[in-house]
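Commentary on secondary and tertiary structure
Single-letter residue listing:
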Amino acid sequence: YIRASPLRRTRMAAMTWVRGASLGALRQAAGAYATGVPRAFTAIAPAITASASATPASAVPSLLRHCSGGGGGTGGGGFAARRWFHASVAGSNSASDGDGAGDDSAAAKATGVRNFAIIAHVDHGKTTLLDTLMTMGSQTVATERLMDNNALEKERGITISSKYTSFPWRACVLNAVDTPGHADFGGEVERVLDMVDGCLLLVDATEGPMAQTKFVLGKALQKGLMPIVVMNKVDRENVTEAGCAEVESRLFDLFAAMGASDEQLDFATVYASAREGVASLDLDEAQRMCREGGGDMQPLLDVLLERVPPPPGSPDDEFSMLVSMIEHDSFVGRLVTGRVATGRMKVGDRVKAMRRATGEEVPGADPPKEREIGRVTKLFTSHGGVRVPLESAAAGDIVSVAGLNLATVTDTVASLAVLEPLAASPIDPPTLKMTFGVNDSRLGGREGKNLTGRTIWDRLIAEAETNVALRVLQVEGGSGDKFEVQGRGELHLGVLIENMRREKFELSISPPVVLYKTDPETGKKLEPLEEVVAEVDEEHVGGVIEALSLRKGELTDMVMGGGEGGKTRLCFLCPSRGLIGFRAIFINETRGTGVMHRSFHSYGDYRGSMDRMRKGAIISTATGVTTLYALGMLESRGTLFVGPKVDVYEGMIIGENSREETMEVNPTKEKKLTNMRASGNDETVRLTPPRAISLEEAIGYVQADELIEVTPTAIRLRKAELDSNKRKSTARKGGQE
């Protein structure tokens, strides 16, 4: 009976009854359950209802973790019985609290500040929900997805950087933090969780928890945050009570597998449609409001007031604030953002920035932790995505402070009397590295403005200050023109490259390389592994499994019809190096109908070398402009990346060979004209449009001896050594060794 019920409250009450029930009563309940779920409810519901009112919410037994694996496997009669039973238990609890109005009165009497984060998988409606909540708080939302104000965020439809906003509700001020849903931007999530005391876990009511939900949720549970589950997109026609019950059961199992506490397992569930602006504690009611109109987000906001605790700091202590974000304003300069941990602060106060000791300080420094002393010149909060000036702030407020020039992320801004910095959450290390260098190709300097190694270095250092998951190092022997950049993944580094490209930089980028570790106990080589979840049509299952198996992927789960629209859901554990450039292959393999998500899982044993995944390249041996005549003769030899009348140079990759070996050609060759008259007209050359290479494709396409040339107007592929004779000489030496 316990395994069949996905409702946490039902499980809690059932376990309370089971622990105190006699053997005869247990046998009677088991016999009733064997003949049908509704009869099982009839047999044991009175005893469970009687014990439920005496069971506090925090008394969830740890045995539930072992009883939660088989939920959601009942038929329509079972769901009808659960609806009746859940209502009876809720009525018993509300009666014990006093006339059933305890929840509303608790929300209405709440005062002060509530800080919460919104965490979700990519494209589960997180930013849309925040827009709706701001509208409920009387904030002006000028554009759709207001918090995604970065140009790349609007183009890609994802959240890249964390942002916060404040809005009032009842007698409280709610500070909401929008977090990225992609694991590559996990550094953004890790640093902003220090600012909040609770979180909304947004899941699609049909898809349920996905790979990247697990990553962000794990960070929140480690911080001890109490999640509130929001089942979003209930306005869809395929959302049913059975499906929502199954999703809720999977969430419970996920919480238990991640080591959630008993209090975290007792999460509240709200059914919502962010697009329609509707929320309710009951699924049927939420769907009715979506169909008929009316309704708002009040139930969700009231649950927030009840479930998210007030900030722990006291306004009577000395002022201190942990810096979680850094921005730059053209008028006031550097802005440091964080939550005021203790005390009060007002404009004009003298403060200091302190960093945590690392053990690398110079002996005799006075004091070793102090970075700078300054004065608060401006104080801001955010309303509807717009900075609003403040005169003062107290413990619990999330604010941006101007007046400090050196303070950075994880520093503590405090009054002069404070001696110790605040503790900051550790940031997971990078898993991937690439080498950024000066563009030294034959076409370098024609399109960009920022060309030198010094300007590239300064830009990377500035990025590392605000992007805590990024590390920048000088390459030994690089003469100051090559820099090693370490990040969380292809997307993380790709966004940085795209931003620099739009800022008129010219770069040469090496292929990504994973960062290995060594097991300190066994000495074995470890490599980063990622969890891959793919939903594909049945006819593409074999091709996807084969493609990932060639990349050392291991199939961990396969559910027929487990994906949206009856697709097959495949779960793999695959090395990160095998997934570099795999997205384009996946799209081709599934004819564009598949959906794939991936997130960092852990470090595991090195799985050996991989076979070559790419065919040979077509390389230009000449510098000049491509001709229709030359490309017409080359088209049958492979796939071309360039069209006619395009500038090329020696060593540039202009296409992919249809065979394994590399082919060197002259794409600038012209047709020779003679005085002899031909017996017939020349045939008209018709070329297939060239294959356009995007930045993301290029990162996964290039091999170890190749580079990506990035300019404001073009993405080109080239050999690291442009001279053909030198490449052949190096290859011969490598073969002899």
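Residues numbered from 1 in each chain as written. Predicted model: local features only at pLDDT ≥ 70, side-chain atom pairs only at ≥ 80, totals over all residues. Heavy atoms only, no water.

The secondary structure content of the protein chain amounts to 22 helices and 35 strands. Long-range pairs, those at least 24 residues apart, make up 74% of the contacts in the protein chain with a sequence separation of at least 6. Just so you have it, the protein chain exposes about 33500 Å², and 50% of that area is on carbon and sulfur atoms. (Helix = DSSP H or I, 4+ residues; strand = E, 2+ residues; numbered from the N terminus. Contact = heavy atoms within 4.5 Å. Areas by Shrake-Rupley, 256 points an atom, 1.4 Å probe, with all protein chains shown as cover.)

Moving on, we come to the nonpolar core. If you look at the biggest cluster of nonpolar residues, it comprises 41 residues, and the most contacted ones within it are Val177, Leu201, Val234, Leu251 and Phe255. The set of elements that each furnish at least two residues to this core consists of strand S1 (111-120), helix H9 (186-192), strand S4 (198-204), helix H10 (211-222), strand S5 (226-232), helix H11 (241-257) and helix H13 (283-292). At seven residues, the largest contribution of residues to this core is made by H11. Ignoring anything within four residues of it in the chain, the contact list for Phe255 reads Leu201, Leu217, Leu221, Pro227, Val229, Ala260, Gln264, Leu265 and Phe267. Formed by 30 residues, the second largest nonpolar core is a distinct cluster that contains Ile456, Leu470, Val472 and Ile619. (Core = buried A, V, L, I, M, F, W, Y, C linked by side-chain atoms within 4.5 Å. Buried < 20%, exposed > 50% of the residue type's maximum accessible area, 1.4 Å probe, protein only.)

This part is about the packing of aromatic side chains. One pass over the structure, following the stated rule, counts five aromatic pairs. Between the aromatic rings of Phe255 and Phe267, the centroid separation amounts to 4.8 Å while the plane-to-plane angle is 45°, which identifies the pairing as tilted. Residue Phe255 is located in helix H11, and its partner Phe267 is located in the loop between helix H12 (262-265) and strand S6 (268-273); the two are separated by twelve residues in the primary sequence. Given the relative accessible area of 1%, Phe267 is considered buried. Here the aromatic rings of Phe582 and Phe586 are separated by 6.2 Å at their centres, their planes lie at 50°, and the arrangement is tilted. A residue pair is termed a helical-turn pair when its members lie 3 or 4 positions apart in one helix, as Phe582 and Phe586 do in helix H19 (residues 582-589) at four residues. The burial state of Phe582 is the same as that of Phe586; both residues are buried. Geometry around Tyr603 places Lys517 over its ring, the cationic atom sitting 4.4 Å from the centre. In this arrangement the basic side chain of Lys525 is found over the ring face of Tyr516, its NZ or CZ atom lying 4.2 Å from the centre. (Phe/Tyr/Trp six-rings, centres within 6.5 Å; stacked < 30°, edge-to-face > 60°. Lys NZ or Arg CZ within 6 Å of the ring centre and 35° of its normal.)

For the rest of this paragraph, the subject is a nonpolar patch on the surface. Taken together, the side chains of Leu555, Met558 and Met560 make up a nonpolar region of the molecular surface, amounting to roughly 270 Å² of accessible area. With respect to the helices and strands, the residue Leu555 is situated in strand S25 (residues 554-559). (Patch = residues over 30% accessible without salt bridge, like charges linked within 9 Å, V, L, I, M, F, W, Y side chains within 5 Å. Salt bridge = Lys/Arg side-chain N within 4 Å of Asp/Glu carboxyl O.)

Here the structure, examined in full by the defined rule, presents 33 salt bridges. For the salt bridge of Asp329 with Arg387, the shortest nitrogen-to-oxygen distance reads 2.8 Å. Of this pair, Asp329 sits in strand S8 (residues 320-329) while Arg387 sits in strand S14 (residues 386-389); the two residues are 58 residues apart in sequence, bridging distant segments of the chain. For Asp329, a relative accessible area of 16% gives the class buried. Its salt-bridge partner being Glu709, residue Arg716 comes within 3.0 Å of it at the nearest N-O pair. When sorted by exposure, Arg716 lands in the same class as Glu709, which is buried.

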